[in-house]
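Here is how the chains run, residue by residue.
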Amino acid sequence: MDAQTGAGAEGENEGDTAEARALREAVTAVYAVLPAEFVAARTTWVKRLRGEGMRGVAAEVAALRRPTAAAGVVNAVVRAQDPVVERLREVGARLRQAQSAMDSATLGTLRGDRDELLTAWVDAGRGVSARPMTAAVEAEVRDTAVAALADASATEVVLSGSLTRALGYSGFGEVDVADAVARTSTGVVLTRIEGGAGDGGASGDAGRAAADAGGDAGGDDEEAGRDRAAQRAAAKAAERAAQKTLRRAETAHRDAERAVAEADVELDRARSAAQAAARDLEQSVTARAEAEDQLRAAREVLEAT
């Protein structure tokens, strides 16, 4: 893994030791393979690390969870550094900023960006998937992007490149990211993508949102500020000329935007409900595989300690 990325926080707290570098390298390798090949790759790394005398690191690697089919697709998209990855970060920050400010006009403008992004995200998943995605997997890939757009912590997890399960968002509250990403024993998210969410995480996302809200300092912003002031003055003059009509139009516009935003949430929920049966089947297969995987992992941990 890149020394400046996901383990950046780890490097600060624990030092960029040979063990830390070995752990990052192992995580990069095992999460780069297909989920079906994960156990074999992990076992190879556990044996290699034991042979190099890094039994503690071997135990950490042995405890890594195999990604589900959908998580494997998301990891592949992130690791391929598809342009949609950075787009996910940008649109998510802007959506969360507008939501926090209750800026319905901006939310309405961003709705089209959100829909285009989700379509591009699923398309990117199809492009990197080793086999055609089932309807259930495709839905989970999309739902994971929806969750990342809604929650900065979910963005960090998704962009780590070491996701272990799909994420979901109910339309309110925080996204549950428990056991959804590879972490060290101290809880540090392990990631490999340069400039990814692992380096700075949610605080970096919040910083980007603040930058979007306030802009960068400097002469360019001062000039842009003057331009915006002139535009606002012109807009106010136009508003006064047709104030009554404009107010009625704005009220109707806000009502329509709220209705569409609520419909978007309901649409996501309806889609999830319609695909529940297919997901149950997919998850039952995954649960059995994970149980077998965890049994192997437990045995490898015992051997490594």
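Definitions and limits used
Residues numbered from 1 in each chain as written. Predicted model: local features only at pLDDT ≥ 70, side-chain atom pairs only at ≥ 80, totals over all residues. Heavy atoms only, no water. Helix = DSSP H or I, 4+ residues; strand = E, 2+ residues; numbered from the N terminus. Buried < 20%, exposed > 50% of the residue type's maximum accessible area, 1.4 Å probe, protein only. Contact = heavy atoms within 4.5 Å. Areas by Shrake-Rupley, 256 points an atom, 1.4 Å probe, with all protein chains shown as cover. Expected span 1.5 Å × (residues − 1). Polar contact = N/O pair within 3.5 Å; in protein donor to acceptor, adjacent residues only side chain to side chain. Axes fitted to C-alpha atoms, helices over the stretch in contact; angles between N-to-C directions. Parallel < 35°, antiparallel > 145°, perpendicular 65-115°, else oblique. Left-handed = near helix turned anticlockwise from the far one by under 90°. Nonpolar A, V, L, I, M, F, W, Y, C, P; charged D, E, K, R; others polar.

### Description of the overall build of the protein
And then number 1: Scanning the protein from N- to C-terminus turns up 13 helices and zero strands.
And then number 2: Out of the 305 residues in the protein, the part that is buried amounts to 38%.
And then number 3: Across the protein, contacts joining residues at least 24 apart in sequence account for 69% of those joining residues at least 6 apart.
And then number 4: If you sum the accessible surface of the protein, you get close to 15,900 Å²; carbon and sulfur atoms cover 52% of it.

### Focus on helix α6 (residues 83-100)
And then number 1: The terminal C-alpha atoms of α6 lie 26 Å apart, and with 18 residues this matches the ideal 26 Å at 1.5 Å per residue to within 8%.
And then number 2: Buried within α6 are the following residues: Val84, Val85, Leu88, Arg89, Val91, Gly92, Ala93, Leu95, Arg96 and Ala98.
And then number 3: The N-capping residue of α6, defined by a side-chain oxygen 2.9 Å from the backbone nitrogen of valine 84, is aspartate 82.
And then number 4: Just downstream of α6, methionine 102 is the residue with a positive phi angle, here 55°.

### Structural notes on the environment of aspartate 268
And then number 1: As for its position among the elements, aspartate 268 is in helix α12 (residues 243-274).
And then number 2: A residue is classified by how much of its surface remains accessible, and aspartate 268, at 14% relative accessible area, is buried.
And then number 3: Residues aspartate 268 and arginine 142 lie 126 residues apart in sequence; the distance between their C-alpha atoms is 9.9 Å.
And then number 4: The residues touching aspartate 268, leaving out its near neighbours within four places in the chain, are Arg114, Arg142 and Val146.

### Regarding the packing of helix α7 (residues 104-128) against helix α8 (residues 135-150)
And then number 1: Here α7 crosses α8 at 135°, and the two axes come no closer than 9 Å. As far as their axial angle goes, α8 and α7 are oblique. The two elements α7 and α8 cross, and the hand of that crossing is right-handed. Residues Arg114, Leu117, Leu118, Trp121, Val122 and Arg126 of α7 form the contact with α8, whose own contacting residues are Glu138, Val141, Arg142, Ala145, Val146 and Leu149.
And then number 2: Looking at the contact of α7 with α8 residue by residue, the class counts come to eight nonpolar, no polar and four charged.

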